[in-house]
Amino acid sequence: MADEAIGVMNASYSYGDVEAVRGITFNVDEGEIFGFLGPNGAGKSTTIKMLTGQLRPREGEIKVLGLDIMGQRGKVQSQIGICFERTNLYEQMSAYENLKLFSDLYGVRDFDADELLLRVDLKDRGKDKVSTYSKGMKQRLMVARSLVNESRILFLDEPTEGLDPKSADRIRNVILEERDNGVTVFLTTHDMMEADKLSDRVAFINNGEIAAIDTPHNLKQKYGKRIMKVQIMKDGGDLEVREIIMDGSNAADDIYALFKDERIVTIHSEEASLEDIFIQVTGRGLSG
């Protein structure tokens, strides 16, 4: 059984009269990718700021790597890496200089910037000023910077938001590589497809509250429906799409009847997406 990397018990936070996070409770195991999913304004960024010691919870308890985050913030922060959606790089410095600066701050010995730049496909541009970088290049450098201190936990806030497919794939590969090396990844995003590809477990947060926690597979099995979509050709050449709920009591008979009586053009199965499940559980879409 994996050790607990993050433990949150009844944590809350308010901005004045606005309650952003409302008594949430969950845990994250070591070596898993935990997707923390919800629309903008749901409480994702506030939660990650509490977990990393940037905000003190108004109520509740948060432990990271077995340590109280506020009581032992320095010790915790030396073992975590953080990558936020908004870049905060030193743009008049090169990528190499940005990484070297952070390695000095963390006191990392025998630091190899070239290896990190190679992992995020920036080695050939390592000596260039960051001001000359595209958004995707800056985001890849942010991810590389979060790895400088060989973090035990990575906190990634919308790491592929708005990126081109190549940059997004590079970041996803780094996330999976880190997980395979035993690093815990806490991923906040409103991109349900991204979370489905990467996450071992996910939590839905809505209006500052946890609405559901489980593996993507279990959530789909619990809330979703498996559907078979069949395209048939009618007399005269018109196409018609029929849907059969595969978990229905008459599914086998309905499928047999289609193959027996109809001219089938295409057939494929379809399962509910995490976005479908989120809407069903919370009653709202990701942009609503």
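Structure: above.
All values reported here derive from a predicted model rather than from experimental measurement.

Structural notes on the sheet that holds strand β9 (residues 201-206)
And step 1. Pairing within the open sheet is mixed, and its six strands lie in the order β6-β7-β8-β3-β9-β10. This sheet does not close on itself; its edge strands, each paired only once, are β6 (80-83) and β10 (209-214). In this sheet, adjacent strand axes meet at a mean angle of 15° when their direction is disregarded.
And step 2. The sheet contact formed by strand β3 (residues 33-37) and strand β8 (residues 184-189) spans five bridges and is parallel. Counterpart to Leu37 in the pairing with β8 is Thr189.

What to know about the pattern of salt bridges
And step 1. In the structure shown here, the tally under the stated rule is 15 salt bridges.
And step 2. The shortest N-O distance in the salt bridge between Glu177 and Arg170 comes to 3.3 Å.
And step 3. A salt bridge links Lys220 to Asp196, with the nearest nitrogen and oxygen atoms 2.6 Å apart. On the criterion of sequence distance, the pair formed by Lys220 in helix α8 (residues 216-223) and Asp196 in helix α7 (residues 192-198) is long-range, its members being 24 residues apart.
And step 4. Look at Lys220 and you get buried, because its relative accessible area is 11%.
And step 5. One network of salt bridges, in which partners are shared, links Arg119, Arg170, Glu177 and Glu178.

Description of a negative patch on the surface
And step 1. On the surface, Asp112, Asp114, Glu115 and Glu150 cluster together into a patch of negative charge.
And step 2. Along the polypeptide, Glu115 turns up in helix α4 (residues 113-119).

Thoughts on the pairing of β3
And step 1. Counted residue by residue, β3 has five buried out of five residues, so it is predominantly covered.
And step 2. Bridge count between β3 and β9: four bridges; the pairing is parallel. Residue pairing across strands places Phe36 opposite Ala203, the latter belonging to β9.

Section: the sheet that holds strand β5 (residues 67-68)
And step 1. The strand order across the open sheet built from four strands is β2-β1-β4-β5, with neighbouring strands paired in antiparallel fashion. On the outer flanks of this sheet lie β2 (18-29) and β5, each paired with one strand and no other.
And step 2. Sheet analysis places strand β1 (residues 4-15) next to strand β4 (residues 59-64), joined by five bridges and oriented antiparallel. What sits directly across from Met9, in β4, is Glu61.

Quick word on the environment of Asn98
And step 1. You can see Asn98 is positioned in helix α3 (residues 95-106).
And step 2. Each C-alpha atom, one on Asn98 and one on Gln79, is 19 Å from the other, the two residues being 19 residues apart in sequence.
And step 3. Here Asn98 is in contact with Leu89, Tyr90, Met93 and Val130, once residues within four sequence places are set aside.
And step 4. Within the local environment of Asn98, its side chain forms a polar contact with the backbone nitrogen of Tyr90, the two atoms lying 3.0 Å apart.

Description of the environment of Leu219
And step 1. Of note, Leu219 is situated in helix α8.
And step 2. Once the C-alpha coordinates of Leu219 and Asp29 are considered, the two residues, 190 residues apart in sequence, prove to be 19 Å apart.

Describing the packing of aromatic side chains
And step 1. Across all of its chains, the model carries eight aromatic pairs by this definition.
And step 2. Taken together, a centroid distance of 5.0 Å and an interplanar angle of 70° make the contact between Tyr13 and Tyr15 edge-to-face.
And step 3. Among the aromatic side chains, those forming a connected cluster through ring pairs are Phe26, Phe34, Phe36, Phe155 and Phe186.
And step 4. Sitting over the face of the ring of Tyr13, Arg58 holds its NZ or CZ atom 4.5 Å from the ring centroid.

Structural notes on the pairing of β10
Within a regular strand, side chains alternate between the sheet's two faces.
And step 1. Strand direction decides the pairing type here: β9 and β10, joined by five bridges, are antiparallel. Bridging across to β10, Phe204 finds its partner in Ala212.
And step 2. Joining the antiparallel neighbours β9 and β10 is a turn of two residues, in which Asn207 adopts a positive phi near 55°.

Quick notes on the rules
- Residues numbered from 1 in each chain as written.
- Predicted model: local features only at pLDDT ≥ 70, side-chain atom pairs only at ≥ 80, totals over all residues.
- Heavy atoms only, no water.
- Pairing = 2+ DSSP bridges.
- Helix = DSSP H or I, 4+ residues; strand = E, 2+ residues; numbered from the N terminus.
- Axes fitted to C-alpha atoms, helices over the stretch in contact; angles between N-to-C directions.
- Salt bridge = Lys/Arg side-chain N within 4 Å of Asp/Glu carboxyl O.
- Buried < 20%, exposed > 50% of the residue type's maximum accessible area, 1.4 Å probe, protein only.
- Patch = residues over 30% accessible without salt bridge, like charges linked within 9 Å, V, L, I, M, F, W, Y side chains within 5 Å.
- Areas by Shrake-Rupley, 256 points an atom, 1.4 Å probe, with all protein chains shown as cover.
- Lys, Arg positive; Asp, Glu negative; His and termini not counted.
- Charge placed at Lys NZ, Arg CZ, Asp CG, Glu CD.
- Contact = heavy atoms within 4.5 Å.
- Polar contact = N/O pair within 3.5 Å; in protein donor to acceptor, adjacent residues only side chain to side chain.
- Phe/Tyr/Trp six-rings, centres within 6.5 Å; stacked < 30°, edge-to-face > 60°.
- Lys NZ or Arg CZ within 6 Å of the ring centre and 35° of its normal.

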